[in-house]
Amino acid sequence: MVDRVVVGFAGGGAGEGDLSWGQQDIWQAMVRQKSWLPNGAWGPLEPGTTVDDVAEQLRYMMSRYPTARTRLRFDADGRPSQVVAGSGEITLEIVDAGGDDPAAVAEAVRLRLQDTAYDFTEDWPIRMAAVRSGGALTHLVVVMCHLVADGFGTQVLLEDLATRVTTPIPELQPLEQARWQASPAGQRQNTLALRHWDGILRAMPARRFPDTVDKPEPRHWRGEFQSFALGPALRAVTEQTGVPPAPALLAVFAVALARVTGINPVVLRPMVNNRFRPGLDRVVCMLAQYGLCQLDVAGASFAEVLDRARRGAMTTYKHAYYHPVELDELVRRVVRERGADLELPCYFNDRRADTGKASGEPAPSPQELRAAAARGTFRWTTRQDVPFEPLIVHIDDVPGAVQAIIFMDTHVVSPADGEALLRGMEAAAVEAALDPSAPTGV
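Residues numbered from 1 in each chain as written. Predicted model: local features only at pLDDT ≥ 70, side-chain atom pairs only at ≥ 80, totals over all residues. Heavy atoms only, no water.

### Examining the overall build of the protein
Thought 1: Check the secondary structure of the protein and you find 12 helices and 16 strands.
Thought 2: Against the compact-globule benchmark of 22 Å for 442 residues, the protein has a radius of gyration of 23 Å, which places it among compact chains.
Thought 3: Overall, the C-alpha framework of the protein stretches about 65 × 50 × 45 Å when taken along its three principal axes.
Thought 4: Every one of the 442 residues in the protein was classed for burial, and the buried ones make up 53%.
Thought 5: Surface accessibility of the protein: about 19,400 Å² in total, with carbon and sulfur atoms responsible for 53%.
Thought 6: Averaging the positions of the 45 positive and the 55 negative side-chain charges in the protein gives two centres separated by 4 Å. (Helix = DSSP H or I, 4+ residues; strand = E, 2+ residues; numbered from the N terminus. Rg over C-alpha atoms; globule rule 2.2 N^0.38 Å. Buried < 20%, exposed > 50% of the residue type's maximum accessible area, 1.4 Å probe, protein only. Areas by Shrake-Rupley, 256 points an atom, 1.4 Å probe, with all protein chains shown as cover. Lys, Arg positive; Asp, Glu negative; His and termini not counted. Charge placed at Lys NZ, Arg CZ, Asp CG, Glu CD.)

In C-alpha coordinates, the structure reads:
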(Lines give C-alpha, C1' and ligand atoms only; values in the text may rest on other atoms or scores of the structure.)
Protein backbone atom coordinates (compact mmCIF):
# COMPACT_ATOMS: atom_id res chain seq x y z
CA MET A 1 0.00 0.00 0.00
CA VAL A 2 1.20 3.52 -0.80
CA ASP A 3 -0.03 6.65 0.98
CA ARG A 4 0.66 10.03 -0.58
CA VAL A 5 1.27 13.18 1.43
CA VAL A 6 1.13 16.57 -0.29
CA VAL A 7 3.93 18.88 0.85
CA GLY A 8 3.77 22.60 0.15
CA PHE A 9 6.92 24.70 -0.27
CA ALA A 10 8.06 28.21 -1.11
CA GLY A 11 11.49 29.74 -1.70
CA GLY A 12 13.45 32.54 -3.33
CA GLY A 13 15.16 32.84 -6.68
CA ALA A 14 12.09 32.42 -8.90
CA GLY A 15 12.44 33.36 -12.55
CA GLU A 16 13.28 31.98 -15.96
CA GLY A 17 16.13 32.26 -18.39
CA ASP A 18 18.84 30.42 -20.27
CA LEU A 19 20.43 27.30 -18.86
CA SER A 20 23.84 27.76 -17.27
CA TRP A 21 26.81 26.05 -18.90
CA GLY A 22 26.72 23.24 -16.34
CA GLN A 23 23.02 22.69 -16.92
CA GLN A 24 23.49 22.69 -20.69
CA ASP A 25 26.31 20.18 -20.36
CA ILE A 26 24.28 17.66 -18.35
CA TRP A 27 21.23 18.24 -20.58
CA GLN A 28 23.31 17.24 -23.61
CA ALA A 29 24.41 14.08 -21.78
CA MET A 30 20.76 13.28 -21.00
CA VAL A 31 19.87 13.63 -24.69
CA ARG A 32 22.78 11.43 -25.78
CA GLN A 33 22.05 8.76 -23.20
CA LYS A 34 18.25 8.98 -23.47
CA SER A 35 17.96 9.30 -19.70
CA TRP A 36 17.09 11.93 -17.09
CA LEU A 37 20.22 10.63 -15.27
CA PRO A 38 18.61 10.17 -11.86
CA ASN A 39 20.77 9.79 -8.77
CA GLY A 40 19.05 7.64 -6.16
CA ALA A 41 19.87 6.37 -2.69
CA TRP A 42 18.15 5.03 0.40
CA GLY A 43 19.11 4.65 4.04
CA PRO A 44 17.72 3.90 7.50
CA LEU A 45 15.73 6.47 9.44
CA GLU A 46 16.26 7.25 13.12
CA PRO A 47 13.79 5.36 15.32
CA GLY A 48 10.78 7.52 16.08
CA THR A 49 10.93 9.48 12.80
CA THR A 50 7.42 10.58 11.86
CA VAL A 51 5.75 11.33 8.56
CA ASP A 52 5.79 15.01 9.52
CA ASP A 53 9.55 14.80 10.08
CA VAL A 54 10.14 13.39 6.60
CA ALA A 55 7.73 15.88 5.05
CA GLU A 56 9.70 18.71 6.67
CA GLN A 57 12.92 17.37 5.15
CA LEU A 58 11.33 17.42 1.72
CA ARG A 59 9.86 20.89 2.32
CA TYR A 60 13.29 22.16 3.43
CA MET A 61 15.02 20.93 0.25
CA MET A 62 12.34 22.22 -2.07
CA SER A 63 12.20 25.62 -0.34
CA ARG A 64 15.94 26.20 0.10
CA TYR A 65 17.36 25.20 -3.30
CA PRO A 66 16.22 26.88 -6.53
CA THR A 67 17.44 23.87 -8.54
CA ALA A 68 14.94 21.66 -6.66
CA ARG A 69 12.20 23.97 -8.01
CA THR A 70 13.56 24.11 -11.55
CA ARG A 71 11.75 22.70 -14.56
CA LEU A 72 12.46 23.14 -18.25
CA ARG A 73 10.64 24.95 -21.03
CA PHE A 74 11.32 24.24 -24.72
CA ASP A 75 11.01 26.65 -27.64
CA ALA A 76 9.80 25.72 -31.11
CA ASP A 77 13.29 24.42 -32.01
CA GLY A 78 13.50 22.23 -28.89
CA ARG A 79 15.98 24.53 -27.15
CA PRO A 80 15.54 24.31 -23.36
CA SER A 81 15.41 27.16 -20.86
CA GLN A 82 14.96 26.95 -17.09
CA VAL A 83 11.92 27.96 -15.07
CA VAL A 84 12.42 28.33 -11.31
CA ALA A 85 9.15 28.28 -9.36
CA GLY A 86 8.65 30.39 -6.24
CA SER A 87 6.24 27.92 -4.64
CA GLY A 88 4.34 24.73 -5.27
CA GLU A 89 3.34 21.33 -3.96
CA ILE A 90 5.08 17.98 -4.19
CA THR A 91 4.00 14.47 -3.22
CA LEU A 92 5.78 12.36 -0.59
CA GLU A 93 5.14 8.61 -0.79
CA ILE A 94 4.75 6.41 2.31
CA VAL A 95 5.19 2.78 1.25
CA ASP A 96 4.10 -0.04 3.55
CA ALA A 97 6.52 -2.96 3.54
CA GLY A 98 3.92 -5.42 4.82
CA GLY A 99 5.73 -8.64 5.65
CA ASP A 100 8.71 -7.92 3.39
CA ASP A 101 12.19 -6.82 4.43
CA PRO A 102 11.93 -3.00 4.60
CA ALA A 103 15.48 -2.58 3.22
CA ALA A 104 14.57 -4.68 0.19
CA VAL A 105 11.41 -2.63 -0.23
CA ALA A 106 13.47 0.59 -0.07
CA GLU A 107 15.71 -0.67 -2.87
CA ALA A 108 12.67 -1.64 -4.95
CA VAL A 109 11.17 1.82 -4.40
CA ARG A 110 14.45 3.46 -5.47
CA LEU A 111 14.46 1.48 -8.69
CA ARG A 112 10.81 2.29 -9.36
CA LEU A 113 11.31 6.01 -8.78
CA GLN A 114 14.37 6.03 -11.05
CA ASP A 115 12.72 3.97 -13.78
CA THR A 116 9.46 5.94 -13.86
CA ALA A 117 9.39 8.29 -16.83
CA TYR A 118 10.31 11.89 -16.09
CA ASP A 119 8.65 14.95 -17.62
CA PHE A 120 11.13 17.83 -17.64
CA THR A 121 8.38 20.41 -18.06
CA GLU A 122 5.94 19.16 -15.42
CA ASP A 123 7.71 17.02 -12.81
CA TRP A 124 9.68 18.33 -9.86
CA PRO A 125 13.26 17.04 -10.03
CA ILE A 126 13.19 15.39 -6.58
CA ARG A 127 11.29 12.22 -5.73
CA MET A 128 11.07 11.09 -2.10
CA ALA A 129 9.49 8.14 -0.32
CA ALA A 130 9.59 6.62 3.15
CA VAL A 131 9.17 2.93 3.93
CA ARG A 132 6.91 1.94 6.81
CA SER A 133 7.11 -1.42 8.60
CA GLY A 134 5.06 -2.42 11.60
CA GLY A 135 3.61 1.07 11.82
CA ALA A 136 7.05 2.76 12.07
CA LEU A 137 9.06 4.54 9.39
CA THR A 138 12.28 2.62 8.76
CA HIS A 139 13.93 3.89 5.55
CA LEU A 140 14.08 7.01 3.41
CA VAL A 141 14.43 6.93 -0.39
CA VAL A 142 15.50 9.98 -2.40
CA VAL A 143 15.93 10.23 -6.17
CA MET A 144 17.11 13.45 -7.83
CA CYS A 145 17.45 14.47 -11.46
CA HIS A 146 21.06 15.35 -12.26
CA LEU A 147 19.91 18.88 -13.09
CA VAL A 148 19.53 19.49 -9.34
CA ALA A 149 23.19 19.01 -8.46
CA ASP A 150 26.48 17.39 -9.34
CA GLY A 151 28.32 15.26 -6.78
CA PHE A 152 29.86 18.24 -5.00
CA GLY A 153 26.55 20.08 -4.88
CA THR A 154 24.90 17.00 -3.43
CA GLN A 155 27.48 16.99 -0.62
CA VAL A 156 26.54 20.58 0.21
CA LEU A 157 22.83 19.67 0.17
CA LEU A 158 23.38 16.77 2.57
CA GLU A 159 25.49 18.91 4.90
CA ASP A 160 22.80 21.61 4.97
CA LEU A 161 20.05 19.06 5.48
CA ALA A 162 21.83 17.47 8.45
CA THR A 163 21.74 20.73 10.42
CA ARG A 164 18.88 22.54 8.61
CA VAL A 165 21.00 25.64 8.12
CA THR A 166 19.07 28.83 7.46
CA THR A 167 21.91 31.09 6.32
CA PRO A 168 21.37 32.74 2.91
CA ILE A 169 22.20 30.57 -0.08
CA PRO A 170 24.94 31.77 -2.46
CA GLU A 171 23.90 34.44 -4.93
CA LEU A 172 25.34 32.67 -7.97
CA GLN A 173 22.47 30.27 -8.58
CA PRO A 174 22.13 28.93 -12.15
CA LEU A 175 19.99 31.84 -13.41
CA GLU A 176 22.65 34.30 -12.22
CA GLN A 177 25.42 32.04 -13.52
CA ALA A 178 23.83 32.15 -16.98
CA ARG A 179 23.68 35.95 -16.84
CA TRP A 180 27.39 36.17 -15.95
CA GLN A 181 28.30 33.67 -18.65
CA ALA A 182 26.59 35.88 -21.24
CA SER A 183 28.52 38.95 -20.02
CA PRO A 184 31.81 40.15 -21.57
CA ALA A 185 33.75 38.50 -18.72
CA GLY A 186 31.97 35.20 -19.26
CA GLN A 187 32.55 35.36 -23.00
CA ARG A 188 36.28 35.95 -22.45
CA GLN A 189 36.41 32.81 -20.28
CA ASN A 190 34.60 30.84 -22.95
CA THR A 191 36.90 32.09 -25.73
CA LEU A 192 40.02 31.09 -23.80
CA ALA A 193 38.57 27.66 -23.00
CA LEU A 194 37.62 26.94 -26.61
CA ARG A 195 41.06 28.05 -27.78
CA HIS A 196 42.59 25.45 -25.43
CA TRP A 197 40.28 22.75 -26.80
CA ASP A 198 40.93 23.74 -30.41
CA GLY A 199 44.68 23.32 -29.99
CA ILE A 200 44.41 19.80 -28.57
CA LEU A 201 41.66 18.62 -30.95
CA ARG A 202 43.75 19.62 -33.96
CA ALA A 203 46.94 17.99 -32.66
CA MET A 204 45.70 14.79 -30.99
CA PRO A 205 45.94 11.39 -32.70
CA ALA A 206 42.84 10.80 -34.80
CA ARG A 207 42.31 7.25 -33.48
CA ARG A 208 41.77 6.71 -29.77
CA PHE A 209 40.96 2.99 -29.69
CA PRO A 210 42.00 -0.06 -31.71
CA ASP A 211 39.39 -1.78 -33.87
CA THR A 212 37.20 -4.31 -32.07
CA VAL A 213 36.62 -7.75 -33.59
CA ASP A 214 33.50 -8.94 -31.78
CA LYS A 215 30.36 -6.79 -31.75
CA PRO A 216 28.29 -8.00 -28.77
CA GLU A 217 24.59 -7.30 -28.43
CA PRO A 218 23.38 -5.60 -26.35
CA ARG A 219 26.37 -3.38 -27.05
CA HIS A 220 26.45 -1.01 -24.04
CA TRP A 221 28.04 -2.56 -20.93
CA ARG A 222 28.72 -1.45 -17.36
CA GLY A 223 31.41 -3.04 -15.18
CA GLU A 224 32.82 -2.62 -11.67
CA PHE A 225 36.37 -3.14 -10.43
CA GLN A 226 36.95 -3.25 -6.68
CA SER A 227 40.58 -2.36 -5.96
CA PHE A 228 42.21 -2.74 -2.57
CA ALA A 229 45.61 -1.59 -3.85
CA LEU A 230 44.79 1.58 -5.78
CA GLY A 231 44.16 3.80 -2.75
CA PRO A 232 47.27 2.68 -0.79
CA ALA A 233 49.40 2.89 -3.94
CA LEU A 234 48.33 6.47 -4.61
CA ARG A 235 49.14 7.38 -0.98
CA ALA A 236 52.63 5.98 -1.50
CA VAL A 237 53.02 7.89 -4.77
CA THR A 238 51.96 11.14 -3.13
CA GLU A 239 54.33 10.62 -0.21
CA GLN A 240 57.29 9.92 -2.49
CA THR A 241 56.69 12.50 -5.22
CA GLY A 242 54.52 15.20 -3.67
CA VAL A 243 52.05 14.91 -6.56
CA PRO A 244 48.50 15.15 -5.13
CA PRO A 245 46.20 12.11 -5.40
CA ALA A 246 43.94 13.55 -8.16
CA PRO A 247 46.64 14.20 -10.79
CA ALA A 248 48.45 11.03 -9.66
CA LEU A 249 45.35 9.00 -10.48
CA LEU A 250 45.01 10.82 -13.80
CA ALA A 251 48.62 9.88 -14.62
CA VAL A 252 48.30 6.16 -13.88
CA PHE A 253 44.98 6.01 -15.75
CA ALA A 254 46.66 7.61 -18.78
CA VAL A 255 49.46 5.03 -18.62
CA ALA A 256 46.92 2.20 -18.44
CA LEU A 257 44.96 3.59 -21.38
CA ALA A 258 48.11 3.93 -23.52
CA ARG A 259 49.12 0.37 -22.67
CA VAL A 260 45.70 -1.00 -23.66
CA THR A 261 45.21 1.04 -26.84
CA GLY A 262 48.80 1.45 -27.98
CA ILE A 263 48.07 5.12 -28.72
CA ASN A 264 50.10 8.06 -27.39
CA PRO A 265 49.81 10.86 -26.42
CA VAL A 266 46.77 10.07 -24.30
CA VAL A 267 43.88 12.53 -24.50
CA LEU A 268 41.29 12.45 -21.70
CA ARG A 269 38.24 14.38 -20.61
CA PRO A 270 38.55 14.57 -16.79
CA MET A 271 35.58 15.89 -14.83
CA VAL A 272 36.36 19.28 -13.21
CA ASN A 273 34.16 20.46 -10.33
CA ASN A 274 34.68 24.20 -11.11
CA ARG A 275 34.01 25.03 -7.45
CA PHE A 276 37.35 26.79 -7.03
CA ARG A 277 35.75 29.69 -8.90
CA PRO A 278 34.67 32.64 -6.66
CA GLY A 279 31.17 32.34 -5.22
CA LEU A 280 30.50 28.82 -6.48
CA ASP A 281 31.86 26.51 -3.79
CA ARG A 282 28.55 26.10 -1.88
CA VAL A 283 26.03 26.28 -4.71
CA VAL A 284 23.71 23.28 -5.01
CA CYS A 285 23.60 22.96 -8.78
CA MET A 286 25.05 21.19 -11.78
CA LEU A 287 28.37 23.01 -12.18
CA ALA A 288 30.96 20.36 -13.05
CA GLN A 289 32.09 20.02 -16.66
CA TYR A 290 34.51 17.74 -18.45
CA GLY A 291 37.83 19.30 -19.38
CA LEU A 292 40.37 18.22 -21.98
CA CYS A 293 43.85 16.99 -21.06
CA GLN A 294 46.66 15.62 -23.22
CA LEU A 295 49.47 13.59 -21.63
CA ASP A 296 52.56 12.16 -23.30
CA VAL A 297 53.35 8.97 -21.37
CA ALA A 298 55.74 7.27 -23.81
CA GLY A 299 59.48 6.89 -23.21
CA ALA A 300 59.20 8.45 -19.75
CA SER A 301 59.43 7.41 -16.13
CA PHE A 302 56.42 7.38 -13.86
CA ALA A 303 57.90 10.37 -12.02
CA GLU A 304 58.03 12.35 -15.28
CA VAL A 305 54.45 11.44 -16.20
CA LEU A 306 53.25 12.29 -12.69
CA ASP A 307 54.82 15.72 -12.96
CA ARG A 308 53.29 16.27 -16.40
CA ALA A 309 49.89 15.30 -15.01
CA ARG A 310 50.30 17.70 -12.09
CA ARG A 311 51.09 20.61 -14.40
CA GLY A 312 48.60 19.59 -17.07
CA ALA A 313 45.78 19.26 -14.55
CA MET A 314 46.00 22.94 -13.68
CA THR A 315 45.64 23.94 -17.34
CA THR A 316 42.76 21.50 -17.74
CA TYR A 317 40.89 22.88 -14.71
CA LYS A 318 41.31 26.45 -15.94
CA HIS A 319 39.68 25.64 -19.28
CA ALA A 320 36.85 23.35 -18.13
CA TYR A 321 34.32 26.19 -17.85
CA TYR A 322 32.79 26.78 -21.28
CA HIS A 323 29.61 26.99 -23.38
CA PRO A 324 28.77 23.37 -24.33
CA VAL A 325 26.83 24.24 -27.47
CA GLU A 326 29.71 26.32 -28.81
CA LEU A 327 32.10 23.52 -27.91
CA ASP A 328 29.99 21.08 -29.93
CA GLU A 329 30.16 23.47 -32.88
CA LEU A 330 33.95 23.62 -32.53
CA VAL A 331 34.23 19.83 -32.39
CA ARG A 332 32.07 19.41 -35.49
CA ARG A 333 34.20 21.97 -37.33
CA VAL A 334 37.45 20.22 -36.39
CA VAL A 335 36.03 16.81 -37.31
CA ARG A 336 35.03 18.15 -40.75
CA GLU A 337 38.49 19.58 -41.28
CA ARG A 338 40.43 16.58 -39.96
CA GLY A 339 38.15 13.86 -41.31
CA ALA A 340 35.36 11.66 -39.98
CA ASP A 341 37.84 9.24 -38.39
CA LEU A 342 38.57 11.66 -35.54
CA GLU A 343 37.59 9.87 -32.31
CA LEU A 344 36.94 11.96 -29.23
CA PRO A 345 38.58 11.22 -25.88
CA CYS A 346 37.20 9.10 -23.07
CA TYR A 347 35.60 10.62 -19.98
CA PHE A 348 37.24 10.24 -16.58
CA ASN A 349 35.44 11.19 -13.37
CA ASP A 350 37.39 11.05 -10.10
CA ARG A 351 34.65 11.28 -7.46
CA ARG A 352 36.77 10.36 -4.44
CA ALA A 353 36.77 12.55 -1.35
CA ASP A 354 39.76 14.83 -0.58
CA THR A 355 41.46 14.20 -3.91
CA GLY A 356 43.59 17.30 -3.57
CA LYS A 357 45.74 16.26 -0.65
CA ALA A 358 47.38 13.29 1.01
CA SER A 359 45.28 11.29 3.48
CA GLY A 360 47.84 11.27 6.29
CA GLU A 361 47.75 7.48 6.46
CA PRO A 362 51.08 5.64 6.37
CA ALA A 363 52.28 4.42 2.99
CA PRO A 364 52.03 0.64 2.53
CA SER A 365 54.99 -1.69 2.22
CA PRO A 366 55.72 -3.42 -1.12
CA GLN A 367 54.45 -6.69 0.34
CA GLU A 368 51.20 -5.07 1.44
CA LEU A 369 50.69 -3.51 -1.99
CA ARG A 370 51.20 -6.79 -3.83
CA ALA A 371 48.87 -8.63 -1.46
CA ALA A 372 46.22 -5.94 -1.86
CA ALA A 373 46.48 -6.08 -5.65
CA ALA A 374 45.84 -9.83 -5.59
CA ARG A 375 42.44 -9.22 -3.95
CA GLY A 376 40.94 -7.06 -6.70
CA THR A 377 37.67 -8.21 -8.26
CA PHE A 378 35.96 -7.31 -11.52
CA ARG A 379 32.41 -8.00 -12.74
CA TRP A 380 30.10 -6.90 -15.52
CA THR A 381 26.84 -5.62 -14.06
CA THR A 382 24.74 -4.32 -16.98
CA ARG A 383 24.31 -5.01 -20.69
CA GLN A 384 21.74 -2.85 -22.47
CA ASP A 385 20.71 -1.31 -25.76
CA VAL A 386 20.23 2.19 -24.29
CA PRO A 387 23.50 4.01 -25.02
CA PHE A 388 26.23 5.09 -22.65
CA GLU A 389 29.11 7.30 -23.73
CA PRO A 390 31.68 5.33 -25.80
CA LEU A 391 33.94 5.16 -22.72
CA ILE A 392 33.54 6.73 -19.31
CA VAL A 393 35.19 5.71 -16.05
CA HIS A 394 34.06 6.82 -12.58
CA ILE A 395 36.26 6.41 -9.50
CA ASP A 396 34.63 6.24 -6.06
CA ASP A 397 35.62 5.63 -2.46
CA VAL A 398 33.94 2.57 -0.98
CA PRO A 399 34.56 1.05 2.47
CA GLY A 400 38.09 -0.34 2.53
CA ALA A 401 38.65 0.04 -1.21
CA VAL A 402 38.41 2.16 -4.34
CA GLN A 403 35.80 1.25 -6.92
CA ALA A 404 36.20 1.94 -10.62
CA ILE A 405 33.02 1.83 -12.71
CA ILE A 406 33.26 1.62 -16.48
CA PHE A 407 30.49 2.47 -18.95
CA MET A 408 31.36 1.58 -22.53
CA ASP A 409 30.24 0.85 -26.04
CA THR A 410 31.62 -2.62 -26.77
CA HIS A 411 31.65 -1.81 -30.49
CA VAL A 412 34.26 0.84 -29.69
CA VAL A 413 36.14 -0.79 -26.79
CA SER A 414 36.12 -4.55 -26.39
CA PRO A 415 35.04 -6.05 -23.04
CA ALA A 416 38.52 -7.54 -22.60
CA ASP A 417 40.13 -4.13 -23.10
CA GLY A 418 37.63 -2.51 -20.74
CA GLU A 419 38.53 -4.87 -17.92
CA ALA A 420 42.24 -4.62 -18.76
CA LEU A 421 42.01 -0.82 -18.53
CA LEU A 422 40.71 -0.83 -14.95
CA ARG A 423 43.06 -3.55 -13.78
CA GLY A 424 45.90 -1.80 -15.61
CA MET A 425 45.22 1.44 -13.75
CA GLU A 426 45.75 -0.38 -10.47
CA ALA A 427 48.86 -2.11 -11.82
CA ALA A 428 50.37 1.18 -12.99
CA ALA A 429 49.70 2.77 -9.60
CA VAL A 430 51.43 -0.11 -7.82
CA GLU A 431 54.43 0.11 -10.17
CA ALA A 432 54.70 3.86 -9.58
CA ALA A 433 54.48 3.34 -5.82
CA LEU A 434 57.19 0.70 -5.82
CA ASP A 435 59.58 2.77 -7.96
CA PRO A 436 58.62 6.21 -9.33
CA SER A 437 61.79 6.24 -11.43
CA ALA A 438 60.73 3.10 -13.33
CA PRO A 439 59.77 3.54 -17.01
CA THR A 440 56.09 3.44 -17.97
CA GLY A 441 56.84 0.87 -20.63
CA VAL A 442 54.82 2.79 -23.21
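### A closer look at the sheet that holds strand E5 (residues 80-84)
Pairing between the strands of a sheet comes from backbone hydrogen bonds, and it takes one of two forms, parallel or antiparallel.
Thought 1: With antiparallel pairing, the three strands of this open sheet are ordered in space as E2-E5-E4. Two strands bound the open sheet, and with one partner strand each, they are strand E2 (15-18) and strand E4 (70-74). In this sheet, adjacent strand axes meet at a mean angle of 30 degrees when their direction is disregarded.
Thought 2: Pairing of E2 with E5 involves four bridges; the strand directions are antiparallel. In the sheet register, Gly15 faces E5, and the bridge partner there is Val84.
Thought 3: Along the sheet face, helix H5 (residues 174-181) touches E2 and E5 and points at about 40 degrees away from the line of E2. (Pairing = 2+ DSSP bridges. Axes fitted to C-alpha atoms, helices over the stretch in contact; angles between N-to-C directions. Contact = heavy atoms within 4.5 Å.)

### Comments concerning the pairing of strand E15 (residues 391-398)
Thought 1: The buried fraction of E15 is high, at six of eight residues.
Thought 2: Pairing analysis gives four bridges linking strand E13 (residues 346-350) to E15, with the strands arranged parallel. Among the inter-strand pairings, Asn349 is bridged to a residue of E15, identified as His394.
Thought 3: Bridging between E15 and strand E16 (residues 401-409) involves eight bridges; their strand directions are antiparallel. When the bridges of E16 are listed, Leu391 appears paired with Met408.
Thought 4: Joining the antiparallel neighbours E15 and E16 is a turn of two residues, in which Gly400 adopts a positive phi near 75 degrees.

### Here's the deal with the pattern of salt bridges
Thought 1: All told, the structure shown has 27 salt bridges when counted by the stated rule.
Thought 2: Among the salt bridges present, the one from Asp307 reaches Arg310, with a minimum N-O distance of 2.4 Å. Of this pair, Asp307 and Arg310 both sit in helix H9 (residues 302-318), three residues apart, roughly one helical turn.
Thought 3: For Asp307, a relative accessible area of 26% gives the class partly exposed.
Thought 4: Linked by salt bridges that have partners in common, Arg64, Glu159, Asp160 and Arg282 make up one network. (Salt bridge = Lys/Arg side-chain N within 4 Å of Asp/Glu carboxyl O.)

### Regarding unusual backbone geometry
Thought 1: In this model, Glu217 is joined to Pro218 through a cis peptide bond whose omega is -10 degrees.
Thought 2: The amide bond that connects Asn264 to the next residue, Pro265, takes the cis arrangement and shows omega of 0 degrees.
Thought 3: Relative to the assigned elements, Pro265 resides in the loop between helix H8 (245-261) and strand E10 (266-272).
Thought 4: At Leu37, a position not held by glycine, the phi torsion is positive, near 50 degrees.
Thought 5: Tracing the chain through its elements places Leu37 in the loop between helix H1 (21-33) and strand E3 (38-44).
Thought 6: Positive phi values are uncommon outside glycine, yet Asn274 reaches one of about 60 degrees.

### With respect to the nonpolar core
Thought 1: Formed by 55 residues in total, the largest nonpolar core has its most connected members in Phe253, Leu391, Val393 and Met425.
Thought 2: Not counting the four nearest positions on each side in its chain, Leu391 is found in contact with Phe209, Leu257, Cys346, Tyr347, Ile406, Phe407, Met408, Val413 and Leu421.
Thought 3: Core analysis: the next-biggest nonpolar cluster, separate from the first, contains 28 residues, Ala55, Ala68, Ile90 and Met144 among them. (Core = buried A, V, L, I, M, F, W, Y, C linked by side-chain atoms within 4.5 Å.)

### Thoughts on the sheet that holds strand E1 (residues 2-10)
Thought 1: Here we have five strands laid out as an open sheet, ordered E1-E6-E7-E8-E3, and mixed in their pairing. Edge strands, defined here as strands with exactly one partner in the open sheet, are E1 and E3. Shown here is a sheet whose adjacent strand axes are inclined to one another by a mean of 20 degrees, direction ignored.

### Some details on the environment of Pro47
Thought 1: One can find Pro47 in the loop between E3 and helix H2 (51-64).
Thought 2: Sequence separation between Pro47 and Ala136 is 89 residues, and the spatial gap between their C-alpha atoms is 7.9 Å.

### Considering H5
Thought 1: For H5, every residue scored as buried is listed here: Pro174, Leu175, Gln177, Ala178 and Gln181. Buried residues of H5, seen end-on, are gathered within an arc of 160 degrees and therefore sit on one face of the element.
Thought 2: Along its buried surface, H5 packs onto E2, H1, E5 and helix H6 (184-203). (Arc of directions from axis to C-beta.)

### Things to note about helix H4 (residues 151-163)
Thought 1: When the terminal C-alpha atoms of H4 are compared, their 19 Å separation across 13 residues agrees well with the 18 Å that a helix rising 1.5 Å per residue should span.
Thought 2: What H4 keeps buried is the set Gly153, Thr154, Val156, Leu157, Asp160 and Leu161. Looking down the long axis of H4, one finds its buried residues gathered within 155 degrees of arc, a one-sided arrangement. Opposite the buried face of H4, at more than 90 degrees from it, the exposed residues are Leu158, Ala162 and Thr163.
Thought 3: Elements in contact with the buried residues of H4: H2 and strand E8 (136-145).
Thought 4: N-capping of H4 is provided by Asp150, with a side-chain oxygen placed 3.3 Å from the backbone N of Phe152.
Thought 5: Following H4 by one or two positions, Arg164 has its phi on the positive side, about 50 degrees. (Expected span 1.5 Å × (residues − 1). Polar contact = N/O pair within 3.5 Å; in protein donor to acceptor, adjacent residues only side chain to side chain.)

### Focus: the packing of aromatic side chains
Thought 1: One pass over the structure, following the stated rule, counts 14 aromatic pairs.
Thought 2: With a centroid separation of 5.0 Å and 90 degrees between ring planes, the pair formed by Trp27 and Phe120 is classed as edge-to-face. You can see Trp27 sitting in helix H1 and its partner Phe120 sitting in the loop between helix H3 (102-115) and strand E7 (126-133), a full 93 residues away along the chain. By the burial criterion, Trp27 is buried, and Phe120 matches it.
Thought 3: Summarising the aromatic geometry, the rings of Phe378 and Trp380 are spaced 4.9 Å apart at their centres and angled 85 degrees between planes, so their arrangement reads as edge-to-face.
Thought 4: Three or more aromatic residues link up through ring pairs in this structure, and these residues are Trp27, Trp36, Phe74, Tyr118 and Phe120. (Phe/Tyr/Trp six-rings, centres within 6.5 Å; stacked < 30°, edge-to-face > 60°.)

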